[in-house]
Amino acid sequence: MSWRLVYSSAVGTSHISADLPCQDACQMQVVWLNDQQPLLVMFLADGAGSVSQGGEGATLAVSEAMAFMMQKVQGGECALNDVLATDIVLAIRHRISARAQAEELAVRDFSCTFLGVISSATGTLIMQIGDGGVVVDFGEGLQLPLTPMNGEYANMTYFITDEDAVTRLETYSCDAQVIKVAAFTDGIQRLALNMMENSPHVPFFAPFFNGLASATSEQRDILPDLLKQFLSCPAVNERTDDDKTLALAMWLP
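In the annotation of an unreviewed UniProt entry, the entry for the protein chain reads PP2C family serine/threonine-protein phosphatase, and the organism field reads Escherichia ruysiae.

1. Overview of unusual backbone geometry
Residues other than glycine predominantly adopt negative phi, and peptide bonds predominantly adopt the trans conformation. We note that Asp-19 has phi near 60 degrees; this positive angle belongs to a residue other than glycine. On the secondary structure map, Asp-19 appears in the loop between helix H1 (13-17) and strand S2 (24-32).

2. Focus: the pattern of salt bridges
Across all of its chains, the model carries four salt bridges by this definition. Linking Glu-103 and Arg-99 is a salt bridge whose minimum nitrogen-to-oxygen distance equals 3.9 Å. The residue Asp-164 makes a salt bridge to Arg-168 at a minimum N-O spacing of 3.2 Å. Owing to a relative accessible area of 33%, Asp-164 belongs among the partly exposed residues under this scheme. We classify Arg-168 as partly exposed; its relative accessible area is 31%. Via salt bridges that share partners, Glu-56, Arg-99 and Glu-103 belong to a single interconnected network.

3. So, helix H3 (residues 82-102)
Between its first and last C-alpha atoms H3 spans 30 Å; for 21 residues at 1.5 Å apiece the expected length is 30 Å, and the two agree. Buried-residue contacts for H3 involve strand S3 (38-47), helix H2 (54-74), strand S4 (112-120), strand S5 (123-129), helix H4 (165-168) and strand S8 (170-174). Residue Asn-81 occupies the N-cap position of H3, its side-chain oxygen lying 3.2 Å from the main-chain nitrogen of Val-83.

4. Considerations on the sheet that holds S8
Pairing in this open sheet of five strands is antiparallel, and the strands run S2-S3-S4-S5-S8 from one edge to the other. A single partner strand is all that each edge strand has here, and the edge strands are S2 and S8. Taken over all neighbouring pairs, the strand axes of this sheet differ in orientation by 5 degrees on average, direction set aside. In this sheet, S5 lies alongside S4 in antiparallel orientation, the contact comprising seven bridges.

5. Quick notes on the pairing of S5
Of all seven residues making up S5, seven are buried, and the element is well covered by its neighbours. Between S4 and S5, which follow one another and run antiparallel, lie two residues. Relative to S8, S5 runs antiparallel, the two sharing five bridges. Bridging across to S8, Met-127 finds its partner in Thr-171.

6. Quick look at the sheet that holds strand S12 (residues 244-252)
Strand pairing in a sheet is mediated by backbone hydrogen bonds. Such pairs are either parallel or antiparallel. Read across the sheet, five strands follow the order S1-S12-S9-S6-S7 without closing on themselves; strand pairing throughout is antiparallel. Only two strands of the sheet have a single neighbouring strand rather than two, namely strand S1 (2-10) and strand S7 (142-143). One ladder, built from two bridges, connects strand S6 (residues 133-137) with S7; its direction is antiparallel. For Val-136, the partnering residue across the bridge sits in S7 and is Gln-143. Strands S1 and S12 of the sheet are contacted by helix H8 (residues 223-232), whose axis makes an angle of about 40 degrees with S1.

7. Observations concerning the nonpolar core
One finds Val-41, Phe-43, Met-69, Ile-88, Phe-114 and Ile-118 to be the most contacted residues of the largest nonpolar core, which totals 36 residues. Among the secondary structure elements, those contributing two or more residues to this core are S2, S3, H2, H3, S4 and S5. Top contributing element to this core by residue count: H2, with 10 residues.

Criteria and cut-off values
Residues numbered from 1 in each chain as written. Predicted model: local features only at pLDDT ≥ 70, side-chain atom pairs only at ≥ 80, totals over all residues. Heavy atoms only, no water. Helix = DSSP H or I, 4+ residues; strand = E, 2+ residues; numbered from the N terminus. Salt bridge = Lys/Arg side-chain N within 4 Å of Asp/Glu carboxyl O. Buried < 20%, exposed > 50% of the residue type's maximum accessible area, 1.4 Å probe, protein only. Expected span 1.5 Å × (residues − 1). Contact = heavy atoms within 4.5 Å. Polar contact = N/O pair within 3.5 Å; in protein donor to acceptor, adjacent residues only side chain to side chain. Pairing = 2+ DSSP bridges. Axes fitted to C-alpha atoms, helices over the stretch in contact; angles between N-to-C directions. Core = buried A, V, L, I, M, F, W, Y, C linked by side-chain atoms within 4.5 Å.

So this is what it looks like as structure tokens:
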């Protein structure tokens, strides 16, 4: 039994035109709990294009979230609930606030969205502030437990740096391990979701999970590059000019 993981990011064409780097960030890994059970941990963030340090904010968000989880695992604490989600958000906000103060900038200059998935043999926790999404399968087909957050106006959303971020935080938890998960920033939201119904567009995800399941050990080494090629291809760029990140995990018994 094992997890298979792959993720990649690609810079949007609008950022290429403006000579800007990709402002998405992602970290994912499998760690081992004290009972020798694997724990899937994945975090994504999308830096706001309207601020000066959005990309740095996204990088800080995922790195702090992962560091926080590693401390929890080492300490033997891993209750997957709203308290954990809130503590992760508070830790990220503290880290970003400290960086903003050190660089004599405002916290909002580091604005970014945030997505997280943590899953073990005994439960799953999903958390979200902002747009993008997390699609999961617990054995009964793909579902979208949390709806991407839209702001008051078109093309607006919420950020982990907002003063009311903790109250904006949405979570979903259950007592089952996820067997498939795909998390993505809003750059591919319109490709990955049926926006009218806020449901997964299953044909979009099927090739990725099929490829992840069937890949040999040699093929798995090139999956990140293949995924990046897809995210950068003309067919995708015709639909979106934003940065794009897609992270996939699959449990193989």
